[in-house]
Amino acid sequence: MWASQSTFINVTFDESSSQGQVAMVIYEWKDVKYLGVTTSTTDDSLPKTYVCTTDAVRVGLCAYDNVGKFIFSSDDGTTANQTTFWTASVALNQTSGASSDSSGLWESPEGNPTPPADNYTSPWRSRELHHSLRQSSNPLNPSPSGTVAYTQPIQYQVRKKGYYCVAIVPVTVLNPTARQASTDVPSHPTYNGIVLFRNTFDGQLPATDYPKVNFYLVMFFVYAIAGSVWAWLCYKHVTELLPIQYYLSSLVAFLVIEMIANWVYYRYLNAHGKTAASVVFLFVVAILDAGRNALSFFMLLVVSLGLSVVRESLGRTMLKCQILAGLHFVFGVLYAVGIVELELESTSALVLLMFIIPLAFTLSGFLMWILYSLNGTMTQLSVRKQRYKLRMFKRLYYILLGTVVIIAIFFVISSVSFSDRLAEDYAAKSWKIRWWLLDGYLALLYFFTFWSIAYLWRPSENNRRLAMSDEIAQEDEDAEDYDLETLQQRTVAREDDEITLVNSRREPQALAEDHVVFEIGDEDIGSDDESETAIKKRRGGEHRASGDKQDGVDEERQGLIHKDRDE
């Protein structure tokens, strides 16, 4: 429970269907060591006696005044008023004339003992939804003496957050006249009731899930602010946007929608509880969450493969990326539904693994492929001496590597935590942080990772030049090789384009050693007359070569004509 000055626990019995006498106890889990008294150190079936009965009084386990209550036992001198321990013996439906046999539990043959005259009524006083503090708050919840007849809801005030427990055990058996036959086994009277835990919030969400309401609301505002900055950058550089930045913009809008959908879902669940509409809403949120993860890993993979920066198309590799993203989406929906619908304390490990392992496989596949592709892209950029682009991809590599390390650390922590889920105190120790282990840290890790990557590929005025141009060498030792290699690549690419356009099969001419990249000399340029003379000579040579070529064509044509005539 999340406590405040107005939080409490109410226990209400249905007087029309409840009878007999019950022992009640309410306590916070840290005081469970005071509940009951040890009766055997060897018999694991009944190591403690929890309820004070006449037999327990006879062997000295409790006092007669506490018959019908839970036993408080302390070895360190702590009293019940110094703890959260509260217990009472409650008689139900005393005005209906129902009788019960107390043989074996009570020494009175008349049935349930008459509640003693007691002016103490504050624990049973009916209150409105919002209560004022009691005047005598020391102790806060004193245990009543004797047996108290139930007439109004029982209230236990809570002022400290904790894992509070309520236990109710019937302590009387039915009267023999109420049994169907004399051979029937004696049984306890039945009772029906409702236990209300009034937290600091009004609603039906468990205390362990309520932090998600405020968490997703804050995440919505944070995503909306960051998305607004991204939208402004896109608007400012709209003419320079790359295809990958359009994809990132779509994902930013998707994330804002997902955060508000998660917040609305938990608000609805808190207001109306689990209904048919909430189940439909759950599937919608699960689909959005799984879609966000699949799209994110898909886009990260194509970025690592160099789309829009190193290469313009991925070919058949794009289909493989889409198949992996589809599988990750399906397994993500199953996982998102499973962690909400399954109870971790009672679900078998095999069922939990069926929801976790498939998603773990696709997640591992994405991460391994992304890291492998990223290494290949960085190697290619390093060979081409594209230092600026290489620096971007190295930063992306470090971001992903840090994310993997953090996921591995939290995986170990979560595994250790969930390995004790069948322990008696697992729920009491983990209820405050369970939402963080399941949802919180992953959402924050995704937020920082996504926006770190988006910052690297943010819209800027140099987008097009970054994607479509090569970096020029800046160091002397690399300049010669860099220029020759670049020119040769461009020559080959130009020849390939010409082959494609004219549907020819000419082999591109390689860049020979005698080709001049830059003609640098110490001689001065000649006069205009010399230049004109050189130009005329060059043109004359071109005309002569053209004339010779034309004469050869005419001779070949005449030869073909004479050959046809001879035939």
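See the structure shown above.
Below is a summary of the structure that appears in this document.

Parameters at a glance
- Residues numbered from 1 in each chain as written.
- Predicted model: local features only at pLDDT ≥ 70, side-chain atom pairs only at ≥ 80, totals over all residues.
- Heavy atoms only, no water.
- Axes fitted to C-alpha atoms, helices over the stretch in contact; angles between N-to-C directions.
- Helix = DSSP H or I, 4+ residues; strand = E, 2+ residues; numbered from the N terminus.
- Parallel < 35°, antiparallel > 145°, perpendicular 65-115°, else oblique.
- Left-handed = near helix turned anticlockwise from the far one by under 90°.
- Contact = heavy atoms within 4.5 Å.
- Pairing = 2+ DSSP bridges.
- Buried < 20%, exposed > 50% of the residue type's maximum accessible area, 1.4 Å probe, protein only.
- Disulfide = S-S within 2.5 Å.
- Core = buried A, V, L, I, M, F, W, Y, C linked by side-chain atoms within 4.5 Å.
- Phe/Tyr/Trp six-rings, centres within 6.5 Å; stacked < 30°, edge-to-face > 60°.
- Nonpolar A, V, L, I, M, F, W, Y, C, P; charged D, E, K, R; others polar.
- Patch = residues over 30% accessible without salt bridge, like charges linked within 9 Å, V, L, I, M, F, W, Y side chains within 5 Å.
- Areas by Shrake-Rupley, 256 points an atom, 1.4 Å probe, with all protein chains shown as cover.
- Salt bridge = Lys/Arg side-chain N within 4 Å of Asp/Glu carboxyl O.

### Concerning the packing of helix α3 (residues 243-272) against helix α4 (residues 276-304)
Each pair of packed helices gets described by two things: the angle between the helix axes and the distance between those axes. Closest axis-to-axis distance for the α3/α4 pair is 10 Å, and the angle between their directions is 155°. Between α3 and α4, the angle falls in the class roughly antiparallel. In this structure, α3 crosses over α4, and the sense of that crossing is left-handed.

### A short note on the environment of F281
Along the polypeptide, F281 turns up in helix α4. In this structure, the C-alpha to C-alpha distance between F281 and Y265, residues 16 residues apart in sequence, is 6.5 Å. The residues touching F281, leaving out its near neighbours within four places in the chain, are A261, V264, Y265 and Y268.

### Notes on the sheet that holds strand β7 (residues 147-149)
What the four strands build is an open sheet, ordered β7-β5-β2-β9; its pairing is mixed. Strands with a single pairing partner mark the edges of an open sheet, and in this sheet they are β7 and β9 (164-170). Put simply, the sheet's adjacent strands are angled 30° from each other on average, direction ignored. In this structure, strand β2 (residues 20-28) lies alongside β9, joined through seven bridges in antiparallel fashion. By the bridge assignment for β9, E28 is matched with Y164.

### Observations concerning the pairing of strand β5 (residues 86-92)
The buried count for β5 comes to seven of seven residues, which makes it a mostly enclosed element. Looking at chain direction, β2 and β5 are connected through seven bridges and run antiparallel. Bridged to V22 within β5 is V90. Sheet topology places β5 next to β7; three bridges connect them, and they run parallel. In the sheet register, V90 faces β7, and the bridge partner there is V148.

### Digging into the state of the cysteines
Throughout the structure, instances matching the rule amount to one disulfide. What pairs with C52 in a disulfide is C62, and their sulfur atoms sit 2.0 Å apart. Across the S-S bond of C52 and C62 the torsion is about 80°, and the bridge reads as right-handed. One end of the pair, C52, is in the loop between β4 (48-49) and α1 (54-58); the other, C62, is in the loop between α1 and β5, and ten residues separate them in sequence. C52 sits in the buried class, given a relative accessible area of 2%.

### Quick notes on the nonpolar core
With 66 residues, the main nonpolar core has Y223, F393, L396, F450, W451 and W457 as its most contacted residues. Listed by contribution, the elements that provide at least two residues to this core are α2 (211-236), α3, α4, α5 (317-341), α6 (349-383), α7 (387-419) and α9 (434-456). Examining the composition of this core, we find that eleven residues originate from one element, α4, more than from any other. Contacts of L396, omitting those with residues within four sequence positions, involve L300, V303, S304, L374, I453, L456 and W457.

### Quick look at the packing of aromatic side chains
Under the definition given, this model contains 23 aromatic pairs. Measuring from centroid to centroid gives 5.9 Å for Y216 and Y266, while their planes differ by 5°, and the two rings are stacked. Residue Y216 is found in helix α2, and its partner Y266 is found in helix α3; the two are separated by 50 residues along the sequence. We classify Y266 as buried; its relative accessible area is 5%. Aromatic side chains Y397 and Y398 sit 6.0 Å apart centroid to centroid with 65° between the ring planes, which places their arrangement in the edge-to-face category. The exposure class assigned to Y397 is partly exposed, which follows from its relative accessible area of 23%.

### Considering unusual backbone geometry
The phi angle at K385 is positive, at roughly 60°, despite the residue not being glycine. For K385, the location among the structural elements is in the loop between α6 and α7.

### Details of the packing of α3 against α9
α9 packs onto α3 with a crossing angle of 160° between their chain directions and a minimal axis gap of 13 Å. Taken together, the axis directions place α3 and α9 in an arrangement best described as roughly antiparallel. Considering the relative orientation of α3 and α9, their crossing is left-handed. On the side of α3, the interface is formed by L248, L251, V252, L255 and Y266, while α9 contributes D439, Y446, F450 and W451. When grouped by side-chain class, the residues that make up the contact of α3 with α9 number eight nonpolar, no polar and one charged.

### Some remarks on a nonpolar patch on the surface
A cluster of nonpolar side chains, L401, V405, I409 and I413, forms an exposed patch at the surface whose accessible area comes to about 330 Å². In this fold, L401 is placed in helix α7.

### So, the sheet that holds strand β11 (residues 193-198)
The antiparallel open sheet is built from three strands, whose spatial order is β8-β1-β11. Strands with a single pairing partner mark the edges of an open sheet, and in this sheet they are β8 (154-158) and β11. The sheet shows a mean angle of 10° between the axes of neighbouring strands, direction not considered. Bridge count between strand β1 (residues 7-13) and β11: six bridges; the pairing is antiparallel.

### Describing the pattern of salt bridges
What the rule picks out here adds up to seven salt bridges. Residues R292 and E258 are paired through a salt bridge, measuring 2.9 Å at the closest nitrogen-oxygen approach. Separated by 34 residues along the polypeptide, R292 in helix α4 and E258 in helix α3 bring together distant segments of the chain. The closest approach of N and O atoms between D289 and R292, which form a salt bridge, is 2.8 Å.

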